[in-house]
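One letter stands for each residue in the lines below.
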Amino acid sequence: MVTLLTSAATPIVTAPKVALAPGALKQMAVQVDPRLPATWDEAGHQWRMVAGRYDVILGGSSRDIAQKVRIRLSEGVLPVR
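Residues numbered from 1 in each chain as written. Predicted model: local features only at pLDDT ≥ 70, side-chain atom pairs only at ≥ 80, totals over all residues. Heavy atoms only, no water.

**Notes on the pairing of strand β6 (residues 64–73)**
Every regular strand shows the same layout, with side chains that alternate between the two sheet faces.
Link 1 in the chain: Pairing of strand β5 (residues 52–61) with β6 involves nine bridges; the strand directions are antiparallel. Counterpart to Ser61 in the pairing with β6 is Asp64. (Pairing = 2+ DSSP bridges. Helix = DSSP H or I, 4+ residues; strand = E, 2+ residues; numbered from the N terminus.)

**Regarding the confidence of the model for the protein**
Link 1 in the chain: Taken as a whole, the protein shows an average pLDDT of 77; of its residues, 81% reach a score of 70 or greater.
Link 2 in the chain: Mean pLDDT across the elements of the protein bottoms out in strand β1 (residues 2–6) (55) and peaks in strand β7 (residues 76–78) (89). (pLDDT = per-residue confidence, 0-100.)

**Some remarks on the pattern of salt bridges**
Link 1 in the chain: Within this structure, the stated rule accounts for one salt bridge.
Link 2 in the chain: Of the charged contacts in the structure, one is a salt bridge between Arg48 and Asp41, with a shortest N-O distance of 3.1 Å. (Salt bridge = Lys/Arg side-chain N within 4 Å of Asp/Glu carboxyl O.)

**Observations regarding the side chain of Asp41**
Link 1 in the chain: Within the secondary structure layout, Asp41 lies in strand β3 (residues 38–41).
Link 2 in the chain: A polar atom in the side chain of Asp41 sits 3.2 Å from the backbone nitrogen of Ala43.
Link 3 in the chain: Beyond its immediate chain neighbours, meaning those up to four positions away, Asp41 contacts Gln46 and Arg48. (Polar contact = N/O pair within 3.5 Å; in protein donor to acceptor, adjacent residues only side chain to side chain. Contact = heavy atoms within 4.5 Å.)

**A few points about unusual backbone geometry**
In terms of backbone geometry, most residues other than glycine have negative phi values and most peptide bonds are trans.
Link 1 in the chain: You will see that His45, though not glycine, has its phi angle at about 50°, which is positive.
Link 2 in the chain: With respect to the element layout, His45 can be found in the loop between β3 and β4 (46–49).
Link 3 in the chain: Owing to a relative accessible area of 55%, His45 belongs among the exposed residues under this scheme. (Buried < 20%, exposed > 50% of the residue type's maximum accessible area, 1.4 Å probe, protein only.)

**Regarding the sheet that holds β7**
Link 1 in the chain: Taken in spatial order, the three strands of this open sheet run β3-β4-β7, and their pairing is antiparallel. The two strands at the open ends of the sheet, each matched to only one other strand, are β3 and β7. Strand after strand, the sheet turns through a mean of 40° between neighbouring axes, direction not considered.
Link 2 in the chain: Note that β3 and β4 share four bridges and pair antiparallel. By the bridge assignment for β4, Ala38 is matched with Met49. (Axes fitted to C-alpha atoms, helices over the stretch in contact; angles between N-to-C directions.)

Have a look at this one:
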């Protein structure tokens, strides 16, 4: 199983387990709900993205980190579903 974590070690996606031979590579795509890194604005009744740099960590768990990527998110407002 592969887990995608934020820099706060909060799991945001768990992908199905993929069997690979030693040294083999496989490209996978995962979709992340854009509200997960957002915060709820009570006064405005909307989801707000806080601008900044975030670490996205890929591994079997928070103790088994295979890759870390830093991304930058822009400030924004997300639609309420």
